[in-house]
Amino acid sequence: MKKYLPILILLSTVALFGACSSTTIPAGAKAVTHFDKSKYLGAFLLVDLLEQTKANVYCLIRAVDESQAMKRLQRQLERYELIGRIDWSRVIPVCGDLAVEHLGPNQDRYREIVADVDAIFHNGAFVNFVQPYQGLKAANVLSCIEVLRLAATVRPKAIHYVSTLSVFAGPAKKQRGFSESDEPELNEALTGGYEQSKWVAEKVLRTAQKRGFQITVYRPATVAGDSQNGVWNTDDFMCRVFKGCVQMGLVPNVDKRLDMAPVDYISSSIVRLALTSSVDGKIFHLNHPHPPTADTLFSWFISAGIPLRKVTNEEWLESLKVATKVIPDFALAPLMSMFSGAPEIDNLSAENKAESYDCMSTQQHLASQGIVWGSISDTLLDRYLNYFYRCGFLKA
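This section reports on the structure supplied with the text.

Rules behind the numbers
Residues numbered from 1 in each chain as written. Predicted model: local features only at pLDDT ≥ 70, side-chain atom pairs only at ≥ 80, totals over all residues. Heavy atoms only, no water. Helix = DSSP H or I, 4+ residues; strand = E, 2+ residues; numbered from the N terminus. Buried < 20%, exposed > 50% of the residue type's maximum accessible area, 1.4 Å probe, protein only. Contact = heavy atoms within 4.5 Å. Axes fitted to C-alpha atoms, helices over the stretch in contact; angles between N-to-C directions. Parallel < 35°, antiparallel > 145°, perpendicular 65-115°, else oblique. Left-handed = near helix turned anticlockwise from the far one by under 90°. Nonpolar A, V, L, I, M, F, W, Y, C, P; charged D, E, K, R; others polar. 1 Å grid on protein atoms, 1.4 Å probe; cavity = no way out; pocket = protein on both sides within 12 Å on 5 of 7 lines; lining within 4 Å. Points joined across faces, edges and corners; volume = space filled by probe spheres on them. Pairing = 2+ DSSP bridges. Right-handed = clockwise from strand over helix to strand, strands pointing away. Phe/Tyr/Trp six-rings, centres within 6.5 Å; stacked < 30°, edge-to-face > 60°. Expected span 1.5 Å × (residues − 1). Polar contact = N/O pair within 3.5 Å; in protein donor to acceptor, adjacent residues only side chain to side chain. Salt bridge = Lys/Arg side-chain N within 4 Å of Asp/Glu carboxyl O. Core = buried A, V, L, I, M, F, W, Y, C linked by side-chain atoms within 4.5 Å.

The subject of this paragraph is the overall build of the protein. Of regular secondary structure, the protein possesses eleven helices and twelve strands. The buried share of the protein, reckoned over its 396 residues, is 58%. Contacts spanning at least 24 positions in sequence make up 82% of the contacts within the protein whose residues lie at least 6 apart.

Packing of helix α4 (residues 133-152) against helix α5 (residues 193-210) leaves a shortest axis separation of 8 Å and a crossing angle of 20°. One element, α4, and the other, α5, form an angle in the roughly parallel class. Judged by the twist between their axes, the crossing of α4 over α5 is right-handed. Residues Y133, L136, N140, V141, C144, I145 and L148 of α4 lie in contact with α5, whose contacting residues are G193, Y194, Q196, S197, V200, A201, V204, L205 and A208. Looking at side-chain class alone, the contact of α4 with α5 contains twelve nonpolar, four polar and no charged residues.

For the rest of this paragraph, the subject is empty space enclosed by the protein. With the rule as written, the count across this model stands at three cavities of 30 Å³ or more. Approximately 180 Å³ is the volume attributed to the largest cavity. As for the largest cavity, its lining consists of 15 residues, and the residues nearest its centre are W232, M238, F242, L297 and F301. Contributions of two or more residues to the lining of the largest cavity are made by α6 (237-248), α8 (294-303) and α11 (378-390). Looking at the lining of the largest cavity, its residues break down into 15 nonpolar, no polar and no charged.

Moving on to the pairing of strand β4 (residues 91-95). Counting buried residues along β4, five of its five residues qualify, which places the element largely inside the surrounding structure. By the alternation rule, side chains of β4 split into V91, P93 and C95 and I92 and V94, which are all buried. The pairing of strand β3 (residues 56-61) with β4 spans five bridges and is classified as parallel. In the sheet register, C59 faces β4, and the bridge partner there is P93. Each parallel crossover has a hand, and the one from β3 via helix α2 (residues 66-79) to β4 is right-handed.

Where helix α1 (residues 39-52) contacts helix α7 (residues 263-275), the two axes come as close as 9 Å, and the packing angle between them is 45°. On the basis of the axis angle, α1 is oblique to α7. The handedness of the crossing between α1 and α7 comes out as right-handed. Each of Y40, L41, F44, L45, D48, L49 and Q52 in α1 lies in contact with α7, whose residues at this interface are V263, D264, I266, S267, S268, I270, V271, R272 and L275. Grouping the constituent residues of the contact of α1 with α7 by class yields ten nonpolar, three polar and three charged.

This paragraph deals with the packing of aromatic side chains. The final tally for this structure, using the stated rule, is 13 aromatic pairs. Aromatic side chains F168 and F178 sit 4.4 Å apart centroid to centroid with 10° between the ring planes, which places their arrangement in the stacked category. In this pair, F168 is assigned in the loop between β6 (158-162) and α5 and F178 in the loop between β6 and α5, connecting sequence segments ten residues apart. The class for F168 is buried, based on a relative accessible area of 2%. Each member of the aromatic cluster is reached from another via a ring pair, and the members are W232, F242, W300, F301, Y384, F388 and F393.

For helix α9 (residues 313-326), with 14 residues, the first-to-last C-alpha span of 20 Å sits near the 20 Å given by 1.5 Å per residue. On the buried face of α9, the contacting elements are α6, β9 (250-252) and β12 (309-311).

To continue, consider the side chain of T164. For T164, the location among the structural elements is in the loop between β6 and α5. Among the polar contacts listed, one links the side chain of T164 to the side chain of S166, at a separation of 3.0 Å.

You will see that E81, though not glycine, has its phi angle at about 60°, which is positive. Mapped onto the secondary structure, E81 falls in the loop between α2 and β4. For E81, a relative accessible area of 36% corresponds to the partly exposed category. The phi torsion at L103 lies on the positive side, around 70°, for a residue other than glycine. Note on placement: L103 falls in the loop between β4 and α3 (107-116).

Position of D236 among the secondary structure elements: in the loop between β8 (222-224) and α6. Classification of D236 by relative accessible area gives buried; the value is 14%. Considering only alpha carbons, one finds D236 and A224, twelve residues apart in sequence, at a separation of 9.3 Å. A polar contact of 2.8 Å, which involves the side chain of D236, links it to the backbone nitrogen of C239.

Let us now look at the pattern of salt bridges. Counted according to the given criterion, the structure contains 20 salt bridges. Ionic pairing is found between R390 and E81, a salt bridge with its closest N-O pair at 2.9 Å. Here R390, found in helix α11, pairs with E81, found in the loop between α2 and β4; they are 309 residues apart in sequence, far enough to count as distant. If you follow the salt bridges from partner to partner, you end up with E183, E202, K203, R206 and R219 in one network.

L46, W232, F301, W316, L320 and F388 are the most contacted members of the largest nonpolar core, which has 80 residues in total. Broken down by element, this core gets its largest block of residues, nine residues, from α1. Ignoring anything within four residues of it in the chain, the contact list for L320 reads M248, F330, L332, M336 and F339. Grouped together as the second largest cluster of nonpolar side chains are 23 residues, L103, Y110, Y161 and L205 included.

The following block contains the structure:
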């Protein structure tokens, strides 16, 4: 295994054509990271790559020039309280766009990247649970073809692709849920454009793997807040559901499993797994082995003093329709199409269409590397609530 050669990290969408010779992160590697639609997990991936390797990191960012790209990157890191952990001497901002040919860098920068980069982390995607497939295809699927092209040009590059558990749809056939070895099926239950685009992207990459590309796939659960400082991406679906409930003062009385995991657990696990040998062709499920249920989560917030009342699914849905009309800046207003006509709330995390996901194989791999995920404890939930107040997401 080589020692830290260049790494490419894409925190948006990217793809490449060609055969690769090494999947692990070499030790002087340069990584290109694209911060665009998946800024939250991408920010933590950048930090973990800098802290766990000696790699330089190219960060692909949508911007007019590299000065603006650097400022956008700094703003994101400040927002997630990560700015103090960055070694800026190893970060190279690159102007780009997932939805354009060659991902958008100028010719000189592109030639530099294809010559120097040793591994590509593709975390980027247009995450939108309302848009149809066609509206997401360019960023989430066609960009993967550009990543494959990049990986195959000049020198072979390993691809580490961040997908999602929501490529599975419908109830799992196994008692433990969908496992890492199960192949996602294209069926009538796979209805969302985002889920469909990620399913197709995985299919493209699996086909490329059979032709010689070295590809590792990571499927995170819903990305929850940082376990250390409580920082969340408060624009995400789960936060919108929670804030909408607080605005109404009502929560649905459901006991559904919420497959969520702290962002730092997911990020550090991706990088640690990528550093191990023999990850080529493997798939990892990055969901918590002991996730909370919706009822547990809502009950905790009620006990912490949040004025919430449990009602039936039907009552909650009716109140939701009214709230959209009468509550200013209602958090769930942009997502009403996800709830209209639904007989019950069966997808609170927007990443949970199956009964459950089996992560035993992944957790065993992590344990062999000395990584054991902490529990979703009262202490962690308290950190989350403190952050919600600290950032103004909730009013004290």
